[in-house]
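Residues per chain are reported as follows:
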Amino acid sequence: QAQLVESGGGLVQTGGSLTLSCAASGRAFSSYAMGWFRQAPGKEREFVAAINWGGSSTYYSDSAKGRFTISRDNAKNTMYLRMSSLKPEDTAVYYCVAHGQSTTDIVGARNLDYWGQGTQVTVSS
């Protein structure tokens, strides 16, 4: 059973940093593009960042650009999201996804192949 499991969420103060991890198991996700989405209470799920299968190309939402860094270690079947300068509006459940091979496959897809269960990030003011 292919599975994505997020970890690293928690409570952090405004301006702080947090690193999320997404561990993949059950298949080799090294051939998939991967990314992060988030959903805040009462809001629609939104794209945050994506990385292509080899890690050579990344893409960020405007809100994440300059503050978040996505990376992956295919040898460990793990993807990361380093978040810094966090703001209260970053509070959300963050989901790991896998789909296609390129960052555009993640951003443009209506239905993504794999989703994790989510990890809560709360930024206090």
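Residues numbered from 1 in each chain as written. Predicted model: local features only at pLDDT ≥ 70, side-chain atom pairs only at ≥ 80, totals over all residues. Heavy atoms only, no water.

Remarks on the state of the cysteines
Following the criterion strictly, the structure yields 1 disulfide and no others. Note on cysteine connectivity: C22 is disulfide-linked to C96, with sulfurs 1.9 Å apart. Negative torsions about the S-S bond denote left-handed disulfides, and the value of about -65° found for C22 with C96 makes this one left-handed. Here C22 is found in strand 3 (residues 18–25), whereas its partner C96 is found in strand 9 (residues 92–98), with 74 residues between them in sequence. (Disulfide = S-S within 2.5 Å. Helix = DSSP H or I, 4+ residues; strand = E, 2+ residues; numbered from the N terminus.)

Side note on the pattern of salt bridges
Considering all chains together, one arrives at 4 salt bridges under this definition. Salt-bridge contacts for R38 lead to D90; the nearest nitrogen and oxygen are separated by 2.9 Å. In this pair, R38 sits in strand 4 (residues 34–39) while D90 sits in the loop between strand 8 (78–83) and strand 9, placing the two residues 52 residues apart along the sequence. Taken individually, R38 and D90 each receive the classification buried, so the pair is uniform in this respect. With a shortest N-O distance of 2.7 Å, R67 and D90 are connected by a salt bridge. Of this pair, R67 sits in the loop between strand 6 (58–60) and strand 7 (68–73) while D90 sits in the loop between strand 8 and strand 9, and the two are 23 residues apart along the sequence. (Salt bridge = Lys/Arg side-chain N within 4 Å of Asp/Glu carboxyl O. Buried < 20%, exposed > 50% of the residue type's maximum accessible area, 1.4 Å probe, protein only.)

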